[in-house]
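Below, each chain spelled out in residue letters.
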Amino acid sequence: MASERFDVIIIGTGAGGGTLAHRLAPSGKRVLLLERGDFLPRERENWDSAAVFLDAKYQADETWYGKDGRAFHPGIHYWVGGNTKMYGAALFRLRKQDFGEIEHHGGRSPAWPLAYEDFEPYYCEAEHLYRVHGQHGVDPTDPPASRPYPYPPVSHEPRIQELHDALEREGHQPFPLPLGVLLDENNGKPRRTSTCIRCDAFDGYPCLVNGKADAQIICVEPALKHANVTLLTNAFVERLETAPTGRSVSAVCVQREGAKEVYAADIVVVACGAINSALLLLRSACDRHPDGLANSSGVVGRHYMRHNNTAFMAISRRRNPTKFQKTLALNDFYFGDGGFPYPLGHIQMLGKSHGPTIAAEAGAWARLMPEMPFDAMAHHAVDFWLTSEDLPDPNNRFSYGRDGRIILDLTENNMEGHGRLQAKLKGLLDKLDLHPHLLPRSLYLGKNIPIGGTAHQAGTIRFGRDPRTSALDLNCKAHDLDNLYVVDGSFFVSIGAVNPSLTIVANALRVGDHLLQRLGRGS
């Protein structure tokens, strides 16, 4: 196979690469998918909180280093489907305002080179492709949508419905969380034919029954039904080599099962996630591109964003028997709260806490509820995820050290709004019949979310009109090379304060249409 030439090589099978493969598959063009991981095994441990969160069984066994030289283990996953195998499938559009310039307490979020309207039809397609359940128009920040969601919202279980009703009584506008899930329910119960069974191991877990709308299930598996699409697993791309002119990628150098292989295609698409895509371009440096491929602007690896995220557990005064808890969200403070004219961010429910993870996380806050055993605490837990925008800083970057170490130089920014968002939620707890404590869930998405949490990675290979300040053009093609594209969260200019996956999917569909046109007229 290494001697064959493909029309397109896609490196990575996550939200970007998997979706792009799905888009190109019906064209008849020869597509090679390269995935550094394997298919995630289906086993009982998929739904075991100790295996998933304490043992980190499905995380990559890698060690990276902070700017202070301290080692950490990133919450990153290498499987067919990429990080979507473990995501919570909350599939939001960026707000319309997020595409423009926004003033924050900590600085300015820059405008995108394209407008919301350029993405809107692709958002619609993405929502239908990824089986999103939701309701447009009930979120006060919801951008205009030309089509409804393909499926109704996932219903709230009784305790979460009580939270919804209590928030409304307080004058807030809670709304159903848009979720990508293969669920067919009736009166809150999955039908006999539903793939999703509404279990308590949805958010942060791989799905044992394939009921989550992840990139493997939604895109890669259907794409592989086309004879023109080939997938190689356990195929780590070491570097990209260029033609003598330096204007095109001529070879994709792969290490697979202990052997070195080389592949070639008319078009090469990098979709390894914002972190690993940038690292691949950096380690592909050559005489023509001494600072790394697509990096004449110097932006590759820089402007890393991952959101200011915090996971919290509150304790209900009454037992919370909810299983599928991730159904409710609140955006009332997304752009501010009246007294504070800057954005705060987004609140959504998390998957349900379990006794073993609570015991591992307890630490100093265990004294706040000394009379409650951890398993009992789990039965009373109500879990929240808070997201605020971090700003694109060129000094927040990934690079390689002289010894080959992966180094993340990261300084948190724009935290004032996030702190105020936490205070807003804490102020609501009593009205929601919850104890007045927010207890940090440190194991969710990595033991140290600020540096180790990589679920919302974005911004390291930004797109734009000016080759001096961006690595990619508006079609996500490298300014410096004629056949190199990047299709994952790397292209983001800013990140907003909602989950980025749907925007990655929508962009992959948009770039896919461009590539189909290019391939149709010869590349």
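Residues numbered from 1 in each chain as written. Predicted model: local features only at pLDDT ≥ 70, side-chain atom pairs only at ≥ 80, totals over all residues. Heavy atoms only, no water.

A. Broad picture of the state of the cysteines. Enumeration over the complete set of coordinates arrives at zero disulfides. Counting only cysteine sulfurs, Cys-286 is the nearest neighbor of Cys-253, a cysteine outside any disulfide, at a range of 11 Å. (Disulfide = S-S within 2.5 Å.)

B. Highlighting the nonpolar core. Core analysis: the largest hydrophobic core is formed by 104 residues, its most contacted members being Ile-11, Leu-34, Tyr-130, Leu-240, Leu-281, Phe-463 and Leu-484. Sorting elements by how many residues they give to this core places helix H11 (residues 501-520) first, with nine residues. Excluding residues that lie within four positions of it along the chain, Ile-11 makes contacts with Leu-34, Val-237, Leu-240, Val-252, Val-268, Val-269, Val-270, Ala-271, Cys-272 and Leu-280. If you look at the next biggest cluster of nonpolar residues, it comprises 23 residues, including Phe-333, Phe-340, Leu-344 and Leu-438. (Core = buried A, V, L, I, M, F, W, Y, C linked by side-chain atoms within 4.5 Å. Buried < 20%, exposed > 50% of the residue type's maximum accessible area, 1.4 Å probe, protein only. Helix = DSSP H or I, 4+ residues; strand = E, 2+ residues; numbered from the N terminus. Contact = heavy atoms within 4.5 Å.)

C. The environment of Leu-280, seen in detail. Checked against the element boundaries, Leu-280 lands in helix H6 (residues 274-283). Leu-280 gets classed as buried once you look at its relative accessible area, which sits at 1%. Spatially, the C-alpha atom of Leu-280 lies 7.7 Å from that of Leu-240, the residues being 40 residues apart in sequence. When sequence neighbours within four positions are dropped, the list of residues in contact with Leu-280 reads Ile-11, Val-237, Glu-238, Arg-239, Leu-240, Val-270 and Cys-272.

D. Fine view of the packing of aromatic side chains. Evaluated as defined, the whole model comprises 21 aromatic pairs. Ring geometry for Trp-64 against Phe-398: centres 5.5 Å apart, planes inclined by 80 degrees, an arrangement best described as edge-to-face. Of this pair, Trp-64 sits in strand E3 (residues 64-66) while Phe-398 sits in strand E20 (residues 397-400), and the two are 334 residues apart along the sequence. For Phe-398, a relative accessible area of 0% puts it in the buried group. (Phe/Tyr/Trp six-rings, centres within 6.5 Å; stacked < 30°, edge-to-face > 60°.)

E. A look at helix H1 (residues 17-24). Burial runs high along H1: seven of the eight residues are buried. Those residues of H1 not exposed but buried are Gly-17, Gly-18, Thr-19, Leu-20, Ala-21, Arg-23 and Leu-24. Elements that come into contact with the buried residues of H1 comprise strand E1 (5-11), strand E2 (31-34), helix H3 (116-129), helix H5 (215-223), strand E15 (259-270) and H11.

F. Summary view of the packing of H1 against H5. At a minimum axis distance of 8 Å, the contact between H1 and H5 shows a crossing angle of 45 degrees. By the angle class used here, H1 and H5 are oblique. H1 and H5 meet at a crossing whose hand is left-handed. Mapping the contact onto sequence places Gly-18, Thr-19, Ala-21 and His-22 in H1 and Ile-218, Cys-219, Val-220, Pro-222 and Ala-223 in H5. Residues of the contact of H1 with H5, tallied by class, amount to six nonpolar, three polar and no charged. (Axes fitted to C-alpha atoms, helices over the stretch in contact; angles between N-to-C directions. Parallel < 35°, antiparallel > 145°, perpendicular 65-115°, else oblique. Left-handed = near helix turned anticlockwise from the far one by under 90°. Nonpolar A, V, L, I, M, F, W, Y, C, P; charged D, E, K, R; others polar.)

G. Examining the sheet that holds strand E4 (residues 71-72) more closely. Strand order in this open sheet of four strands is E4-E3-E21-E20, and the pairing throughout is mixed. For this open sheet the edge positions go to E4 and E20, each flanked by a neighbour on one side alone. Relative to E4, E3 runs antiparallel, the two being bridged by two bridges. Paired with Trp-64 across the bridge in E4 is Phe-72. Set on the sheet, H6 makes contact with E3, E20 and strand E21 (406-409); between it and E20 the angle comes to about 40 degrees. (Pairing = 2+ DSSP bridges.)

H. Structural context of the pattern of salt bridges. A full pass over the atoms with the stated rule returns 33 salt bridges. A salt bridge links Arg-191 to Asp-184; the shortest N-O distance between them is 3.0 Å. With relative accessibility at 33%, the residue Asp-184 sits in the partly exposed group. With its nearest N and O atoms 3.1 Å apart, the salt bridge here joins Glu-238 to Lys-260. Of the two residues, Glu-238 is situated in strand E13 (residues 235-242) and Lys-260 in strand E15; the sequence distance between them amounts to 22 residues. (Salt bridge = Lys/Arg side-chain N within 4 Å of Asp/Glu carboxyl O.)

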